[in-house]
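Structural overview
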Amino acid sequence: MSWHTGRKIASKTVKQAALLSHPEIASHIPPTRSFSYENLRDMLYQHSMVYIKPVVGTGGNGVIQVKKTTEGFAFHAKSSIQRFQSFDAMFQQLKRKMRNRKYMIQKGIDLLTIDGCPVDYRVKYVYESGKWHYRAIVGRKAKRGLAVTNLTQGGKLLQGSVAIRKTLGSGAVQSKKGQMRRLTELSTNVLTRQYPGLTHLGYDYGIDKYGKVWMLEVNTNPH
């Protein structure tokens, strides 16, 4: 249920298209394509691991991690991992699981981990009393055995500074939070110019093993 009266944009592809128009932001967005047999096959051969996400959806619901393995292919949905020798067999099972929802494919980012569990970040940015301000910068540690970090899927909430310190060391805290803030402010300028009326934004960021910050998603009705 919605808890604020600001504008909301449900489609992930619509929001991403706006952000890709800005070169600096675009360099932090993982390669993404619409879901199809050919696109999934090509992206798996290129990247080895991808996430398929409902174009409209929240809370990590329906998100599936798909991998090309030495034995064939596998996908990880919630706590279940299914393995296949052929791409076609996997694709048919995926289609059954997806039903008729519209999906997108995003290159998987090999996120830094804490205790072997992937970690990402949520930055809440809200418009109140005539200006934008930060409500929170937090880390989210995935529940063991899951490929998504969402709190609704059992993820654990951490202070953003604590999560960065545990993965990259104390010296990286200010620079990584600074990069997230810059991307948040640039992206908010782009989105609000194209879609006036936005008031609550939740940016999801990941940091890979090289220390690069990636923008995984932006929500206009963040939990």
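Our subject is the structure listed above.
Below you will find a few notes about this structure. The structure presented is a predicted model; accordingly, all values stated were derived computationally and were not measured. (Residues numbered from 1 in each chain as written. Predicted model: local features only at pLDDT ≥ 70, side-chain atom pairs only at ≥ 80, totals over all residues. Heavy atoms only, no water.)

On to the pairing of strand β11 (residues 200–207), then. Here β11 lies mainly inside the structure; eight of its eight residues are buried. Pairing between β11 and strand β12 (residues 213–219): six bridges, direction antiparallel. Looking at the pairing, Gly202 lines up with Asn219 of β12. Joining the antiparallel neighbours β11 and β12 is a turn of five residues, in which Gly211 adopts a positive phi near 90°. (Buried < 20%, exposed > 50% of the residue type's maximum accessible area, 1.4 Å probe, protein only. Helix = DSSP H or I, 4+ residues; strand = E, 2+ residues; numbered from the N terminus. Pairing = 2+ DSSP bridges.)

Moving on, we get to the environment of Pro118. By the element assignment, Pro118 lies in strand β8 (residues 117–128). For the pair Pro118 and Ser11, spaced 107 residues apart in sequence, the C-alpha to C-alpha distance is 25 Å. In this structure Pro118 touches Leu111, Leu112, Thr113, Arg140, Lys141, Ala142, Leu146 and Thr149, once residues within four positions along its chain are discounted. (Contact = heavy atoms within 4.5 Å.)

The geometry of helix α5 (residues 160–168) relative to helix α6 (residues 173–194) is characterised by a closest axis approach of 9 Å and an angle of 125° between their N-to-C directions. Here α5 is positioned oblique relative to α6, judged by the angle of their axes. Judged by the sense of rotation from one axis to the other, the crossing of α5 with α6 is right-handed. Along the contact surface, α5 presents Ser161, Ile164, Arg165 and Leu168, while α6 presents Val173, Lys176, Lys177 and Met180. Residues of the contact of α5 with α6, tallied by class, amount to four nonpolar, one polar and three charged. (Axes fitted to C-alpha atoms, helices over the stretch in contact; angles between N-to-C directions. Parallel < 35°, antiparallel > 145°, perpendicular 65-115°, else oblique. Left-handed = near helix turned anticlockwise from the far one by under 90°. Nonpolar A, V, L, I, M, F, W, Y, C, P; charged D, E, K, R; others polar.)

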